[in-house]
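Structural features, examined
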Amino acid sequence: MGATYMELREEQIQKIVNGYRQDMLDFYKELVNFQAGSKEGRRIHTLMENVLHKMEALGMEGELLPTGCDIPVLRAYWGKERPGKPILFSGHLDTVFPSGSYPENPFAIREGKAYGPGVGDMKGGIVMAVYLVKVLEQLGYDKHPVKLVFVGDEETTHIGSNADQQLAKEAEGCLCAFNFETGRMDHTLTVGRKGCMDAWVTVHGKAGHVGNAYASSANAIEEMAHKIIALRSLTNLEEGLIVSTDIVSGGTASNAVPDTCRIEVDCRYDHNADKAMLQEKIKAICAETHVPGTTAEVEFPSFMPTFERTRGNDNLLALVNAVAEDFGMEPFGAAHPGGCSDASFMAQAGIPILDSVGIQGDKAHTKQEYALVETLLARTMLLAETVCRL
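Here goes a summary of the coordinates provided. Just so we're clear, the structure is a prediction, and the values are computed from it rather than from any experiment.

What counts and what doesn't
Residues numbered from 1 in each chain as written. Predicted model: local features only at pLDDT ≥ 70, side-chain atom pairs only at ≥ 80, totals over all residues. Heavy atoms only, no water. Pairing = 2+ DSSP bridges. Helix = DSSP H or I, 4+ residues; strand = E, 2+ residues; numbered from the N terminus. Contact = heavy atoms within 4.5 Å. Axes fitted to C-alpha atoms, helices over the stretch in contact; angles between N-to-C directions. 1 Å grid on protein atoms, 1.4 Å probe; cavity = no way out; pocket = protein on both sides within 12 Å on 5 of 7 lines; lining within 4 Å. Points joined across faces, edges and corners; volume = space filled by probe spheres on them. Nonpolar A, V, L, I, M, F, W, Y, C, P; charged D, E, K, R; others polar.

By way of backbone hydrogen bonds, the strands of a sheet pair with one another, either parallel or antiparallel. Taken together, six strands build an open sheet; the order of strands is β1-β2-β6-β3-β7-β17 and the sheet is mixed. Pairing within the sheet leaves two strands with one partner each, and these edge strands are β1 (61-65) and β17 (353-354). Relative to strand β6 (residues 146-151), strand β2 (residues 73-78) is paired through five bridges, and the arrangement is antiparallel. Bridge pairing in β6 places leucine 74 opposite phenylalanine 150. Where helix α4 (residues 119-138) meets the sheet, it contacts β2, β3 (87-92) and β6, and its direction lies at approximately 150 degrees from that of β3.

A full pass over the atoms with the stated rule returns two cavities of 30 Å³ or more. By volume, the largest cavity amounts to about 40 Å³. Around the largest cavity, the lining residues are Leu189, Val320, Phe332, Val357, Arg379, Leu382 and Leu383. Examining the composition of the lining of the largest cavity, we find that three residues originate from one element, helix α10 (residues 373-389), more than from any other. Classifying every residue of the lining of the largest cavity by side-chain character gives six nonpolar, no polar and one charged. As a volume, the second largest cavity reaches approximately 30 Å³. Its residues assigned to classes, the lining of the second largest cavity shows two nonpolar, three polar and three charged.

Quick look at the structure:
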């Protein structure tokens with residue numbers, strides 16, 4: 001018997017992807033060896049310029065868009081003139097590691113695993129997104145424009161920039177989006193994520209000598225202790241709500257009643273409507289006084305909206321799994337993790353999104369971070385056929 005159509009198609013795409021293997025690995029090495037943390041504006045800007053020049057050399061047209069800070073947004077197109085709705089590829093170029101965190105040229109491959117800052121989170125995904133365009137080009141794809149949007153401050157949730165707003169805007173009118181965050185080790189793709197919000201609470205009291213002025217003092221830490229317990233009571237795992245006090249600071253000496261205590265609270269939720277509800281309950285907790293003479297104030301400095309699970313997201317996953325089945329690959333499960341990503345901002349446009357489609361890896365944000373090199377190629381192959389079927 002002759003080969004089936006799908007066997008021939010798989011062989012065709014595999015041959016094209018393998019033809020780019022060394023180019024992909026060289027680009028991967030270049031990206032990882034350029035160490036740049038989210039707060040290093042100049043280095044990130046230079047890295048984004050380098051990536052833009054690479055994309056232009058590969059036939060894409062792009063530009064760096066201002067965000068109100070040192071770090072721009074990189075937007076590029078391939079086939080911009082096509083009439084169909086754009087397909088969006090997104091990712092980030094920053095890591096949690098500032099330059100110098102690793103020795104020079106840290107990228108290494110050992111026993112099929114890549115090591116170095118951002119190999120999984122998420123420079124491997126950037127390589128996939130860029131070379132996916134080249135694979136599609138070799139396949140003769142011409143149905144939809146492809147838009148690529150890369151940011152440089154994802155790890156700081158875009159505090160001080162408007163990149164989050166730009167992500168939402170760039171997603172508007174797109175057919176769908178693929179966010180190239182690290183592929184999960186449990187062989188699932190992400191169809192939804194919790195929203196997250198920071199709450200900073202400060203209690204002001206009255207200082208005094210513990211032995212001589214205790215009665216006329218007001219202990220800010222004691223007041224905060226009541227509030228921490230009350231905040232903890234807002235956690236309801238069955239409803240997807242988490243309120244966790246993660247940083248506490250206050251006091252100056254063991255014989256002095258503290259006049260200030262400050263906490264930082266991390267809030268997570270499954271639905272965007274939960275954000276306002278949690279804010280009101282946190283404000284109410286802060287307005288209640290248990291230790292006379294104390295006052296409290298609360299601010300909400302940053303948040304990421306929920307990436308809510310939708311039928312469109314599930315349908316996109318089903319399409320990927322149909323391709324996986326045709327190619328003899330294991331189908332992916334559906335994940336709804338508590339961690340946040342830029343998919344949350346793009347989801348505000350109401351388009352189908354599939355997240356964590358990047359290179360599979362583990363131990364992100366640690367120096368033990370690694371990625372499985374062969375998944376760089378296998379997933380590029382899988383997504384190429386997926387895009388062709390959209």
